[in-house]
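Inside the fold
Chain by chain, the residues run as shown.
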Amino acid sequence: MSVAFAGNSATTGSREAGPLRVMIVDDSVVIRGLISRWIGAEHDMEVAASLRTGLEAVNQIERINPDVAVLDIEMPELDGISALPQLLAKKRDLVIIMASTLTRRNAEISFKALSLGAADYIPKPESTREASAADIFHHDLIQKIRHLGARLRRKSAVASPPLAPASPAPAPRSPVARPIAPAPAVPAASGALTMRPFSTQTPKVLLIGSSTGGPQALMALVTELGPVIDRFPVLITQHMPPTFTTILAEHLARSSRKPAAEAVDGEPVKPGRIYLAPGGKHMRVARSGADTVIALDDGPAVNFCKPAVDPLFTSAIDIWHGSILSVILTGMGSDGMRGGKDIVAAGGSVIAQDEASSVVWGMPGAAANAGICAAILPLNQIGAKVNRLFAGDRA
């Protein structure tokens, strides 16, 4: 089926079969070269263009016709935040990943970019000479391109099915292809997900884990959780670097109209507050006399993440035992699944966001496929369900 896109004659079928086409837009020749080499080493993606400014990208987007753009924020002639809406106006299904160094200004711009249609963001290391920082940037960028690009192609396949053949033929019944990355949505053997009943214990704490797509999902969810936040502590781990978590906490406070802040080591955990794991540190809970307190950990990454969800989930069991409700929202990878298993084994419950409403169904999909979920729900139904469970409903 031909795609009527600004004179480009590419076809949906051929594009779906080929590698993801990535456009790199950054004024640093070092960064452009680095990302180009990384993409060139992957079998399922290719460099469609390497450009210096946002203006070049806007002027050439129709000719290049990429699937994904890695867009720097600070560039001459036309910066990333100004180029973003112009690129989406010319190619509305373009997956845009904003890239920036770790400054408060850039973090705020990245959040604004999400509201304007960017799919995700990624922090660039201050110096590519730092091996560990470059390794994390490499891993995260390639995974984001792969997952978000695969999601785009699944959506395109559903929205634009191939033309019917000239002679009658039965409609295909096979499921839409899954991403190359792990965690298929439905186990192939059974074709169905195993569900378990909710805990018989009324929850005393709400734990939330999220990653790619998480900031938008969290800000939507907390607007509905006022009754829970007023009476119970809410602890959140979002995969996010320092500075970005500071901004996210401020957004959560505005969205929920409740106190929300990055957690501080040793502070008591009380109802009426949202505690967000600070970027670059794992957040756990621990006993200190009669109090439950925050325990921040500067140890190694878990599941390639720091902060990670699993340390929060597992540490909570020693405090609240089976009176835990955990929610796993959109995100890459499988973080939260092992901690969720431990919570369920202790008598608690897990809710996962469903695939259709997730930006990436990695983390919630891993929990769903592990058979530990009591419910798999669209984002817009999770808040109401959480409120009912904390009010004593077990249905």
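Presented here is an overview of the structure given in this document.

**With respect to unusual backbone geometry**
- For the peptide bond that leads from Lys 306 to Pro 307, omega is 15°, which places it in the cis range.
- Structurally, the position occupied by Pro 307 is in the loop between strand 11 (291-297) and helix 10 (309-320).
- Unusually for a residue other than glycine, Glu 77 sits at a positive phi of about 70°.
- Tracing the backbone shows Glu 77 in the loop between strand 3 (68-72) and helix 4 (80-90).
- Using a relative accessible area of 60% as the deciding quantity, one classes Glu 77 as exposed.
- Backbone geometry at Asn 303 places phi at a positive 55°, although glycine is not the residue there.
- Mapped onto the elements of the fold, Asn 303 is located in the loop between strand 11 and helix 10.
- A residue is classified by how much of its surface remains accessible, and Asn 303, at 27% relative accessible area, is partly exposed.

**Regarding the packing of helix 4 against helix 5 (residues 104-116)**
- The N-to-C vectors of helix 4 and helix 5 enclose an angle of 15°; their axes lie 10 Å apart at closest approach. Between helix 4 and helix 5, the angle falls in the class roughly parallel. In the packing of helix 4 onto helix 5, the handedness of the crossing is right-handed. Across the interface between the two elements, Ile 81, Leu 84 and Leu 88 of helix 4 pack against Ile 109, Lys 112, Ala 113 and Leu 116 of helix 5.
- Taken together, the residues of the contact of helix 4 with helix 5 break down into 6 nonpolar, no polar and 1 charged.

**Brief notes about the packing of helix 7 (residues 214-222) against helix 9 (residues 244-256)**
- At a minimum axis distance of 8 Å, the contact between helix 7 and helix 9 shows a crossing angle of 30°. Put simply, helix 7 runs roughly parallel to helix 9. The handedness of the crossing between helix 7 and helix 9 comes out as right-handed. Together, Pro 215, Leu 218, Met 219 and Val 222 of helix 7 and Leu 248, His 251, Leu 252, Ser 255 and Ser 256 of helix 9 make up the contact between the two elements.
- Each residue belonging to the contact of helix 7 with helix 9 can be placed in one class, and the counts come to 6 nonpolar, 3 polar and no charged.

**Quick word on empty space enclosed by the protein**
- In this structure the tally under the stated criterion is 1 cavity of 30 Å³ or more.
- One number sums up the size of the largest cavity: a volume of about 60 Å³.
- Phe 198, Ser 199, Gln 201, Pro 203, Gly 322, Ile 324, Leu 325, Ser 349, Leu 389 and Arg 394 together form the lining of the largest cavity.
- Looking at the lining of the largest cavity, its residues break down into 5 nonpolar, 4 polar and 1 charged.

Cut-offs used in this document
- Residues numbered from 1 in each chain as written.
- Predicted model: local features only at pLDDT ≥ 70, side-chain atom pairs only at ≥ 80, totals over all residues.
- Heavy atoms only, no water.
- Helix = DSSP H or I, 4+ residues; strand = E, 2+ residues; numbered from the N terminus.
- Buried < 20%, exposed > 50% of the residue type's maximum accessible area, 1.4 Å probe, protein only.
- Axes fitted to C-alpha atoms, helices over the stretch in contact; angles between N-to-C directions.
- Parallel < 35°, antiparallel > 145°, perpendicular 65-115°, else oblique.
- Left-handed = near helix turned anticlockwise from the far one by under 90°.
- Contact = heavy atoms within 4.5 Å.
- Nonpolar A, V, L, I, M, F, W, Y, C, P; charged D, E, K, R; others polar.
- 1 Å grid on protein atoms, 1.4 Å probe; cavity = no way out; pocket = protein on both sides within 12 Å on 5 of 7 lines; lining within 4 Å.
- Points joined across faces, edges and corners; volume = space filled by probe spheres on them.

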